[in-house]
Amino acid sequence: MYSQAVEQIIDTLEEQLLTDWQLEQYAERIGYSKYYLTRTFKKETGLTIGAYIRRRRLAVAAFLLLHTEEIILDIALECQFQSQEAFARAFKELYSMPPGKYRQMMRDLYMKEEKEMVQNEVKGWLLTGTNPALYTMKADYEVFHTGSKSGYLGAIQPAEEGQFGTMMQVFSAKNWLGKRMKMSCFIKTKDAMKCGAWCRIDTKNGDLLQFDNMDNRAIHGTTDWNYYSIVLDVVEESAAIHFGVLLVGSGEVWIDGIAFEEVDESVPSTNLSSSVEKLPLEPVNLGFDEL
């Protein structure tokens, strides 16, 4: 589960992403010491604040390369790099090719995929839910947090609160048995009735073992990119891990930066199915005497 501090940090970083702010200025705006900010942010996201800003600025640069005609030098300066050379080195380190080559190759690929793309087909992902026909999913080249694209799920027809769609996939639990697993991601929403990331762990017979759909901390309305996480225990009986992003009712949601990592017992589980363990041992008030 992400903390209020990390949520505030990311909101402020996104607001001032292309501003030449120092860590002290972020700390002053958020209201925490810079030492607390750096320590908390690294613990929950696995990134330093500086690395996060650098990745996000490079993602903005990738968008500008693909969708504008700005020259590379102007993009470099707009994204707070001191020179085109420094920008090119950082960009190549993250995207494995220089900016000019990226612009050419990604535009060719984008145009090819636009022509060949079949609605609701994204390799490895499934569109399911109670009413999947009301929703569409795709790889979005225009809205993304890092890299060059995000996963998109949106309602294409009016949808009510009881109806939902999910963009999901499933993989074997074999490599995670006996581990506490953290799924993390960044999510952005527009006019979302209710949404969130989710993860479920089942036995080979399909029985539920662990589950979290962020129902107790759901996302509503329009929000900028923010960090979310789910922590579940992959017990020995586990066979399959299902995960994805869920949209209840109408709206749009984007998901990016999905990662899985092992964490220790100091990271609390977010398992919502554990409520069964809190049930009373014996029935109570069978005569309805207590109000």
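Computed from a predicted structure; not experimentally measured.

Cut-off values and rules
- Residues numbered from 1 in each chain as written.
- Predicted model: local features only at pLDDT ≥ 70, side-chain atom pairs only at ≥ 80, totals over all residues.
- Heavy atoms only, no water.
- Salt bridge = Lys/Arg side-chain N within 4 Å of Asp/Glu carboxyl O.
- Helix = DSSP H or I, 4+ residues; strand = E, 2+ residues; numbered from the N terminus.
- Buried < 20%, exposed > 50% of the residue type's maximum accessible area, 1.4 Å probe, protein only.
- Contact = heavy atoms within 4.5 Å.
- Polar contact = N/O pair within 3.5 Å; in protein donor to acceptor, adjacent residues only side chain to side chain.
- Patch = residues over 30% accessible without salt bridge, like charges linked within 9 Å, V, L, I, M, F, W, Y side chains within 5 Å.
- Areas by Shrake-Rupley, 256 points an atom, 1.4 Å probe, with all protein chains shown as cover.
- Core = buried A, V, L, I, M, F, W, Y, C linked by side-chain atoms within 4.5 Å.

Caption draft 1: Molecular detail of the pattern of salt bridges. Under the defined criterion, the tally for this structure stands at ten salt bridges. Linking glutamate 265 and arginine 180 is a salt bridge whose minimum nitrogen-to-oxygen distance equals 3.4 Å. Within this pair, whereas glutamate 265 is found in the segment after β9 (252–263), its partner arginine 180 is found in strand β5 (residues 179–202), the two being separated by 85 residues in sequence. Between arginine 200 and aspartate 202 there is a salt bridge; the shortest N-O distance is 3.0 Å. On the basis of relative accessibility, which here comes to 6%, the residue aspartate 202 falls in the buried class. A single network of salt bridges, built from pairs that share partners, joins Arg180, Asp233 and Glu265.

Caption draft 2: Structural view of the environment of glutamine 210. As for its placement among the helices and strands, glutamine 210 is situated in strand β6 (residues 208–212). Remark: the alpha-carbon pair of glutamine 210 and serine 238, spanning 28 residues in sequence, is separated by 9.2 Å. If near-sequence neighbours (up to four positions away) are discounted, glutamine 210 is found in contact with Cys199, Arg200, Ile201, Leu232, Asp233, Ser269, Asn271 and Ser273. At 2.9 Å, the side chain of glutamine 210 and the backbone nitrogen of aspartate 233 are in polar contact.

Caption draft 3: Just a nonpolar patch on the surface, in detail. A cluster of nonpolar residues, Ile71, Leu73 and Leu77, forms a patch on the protein surface that exposes about 250 Å² of accessible area. Residue position: isoleucine 71 is located in the loop between α4 (49–67) and α5 (72–78).

Caption draft 4: Broad picture of the nonpolar core. In this structure, Leu153, Ile187, Cys199 and Ile241 are the most contacted members of the largest nonpolar core, which totals 32 residues. Where this core is concerned, the elements lending two or more residues are β2 (135–140), β5, β7 (219–234), β8 (240–248) and β9. Ranked by residue count, the leading element in this core is β5, at nine residues. Setting aside its immediate chain neighbours within four residues, isoleucine 241 contacts Gln169, Val170, Phe171, Ser172, Ala173, Trp176, Met181, Cys199, Arg200, Ile201 and Val234.

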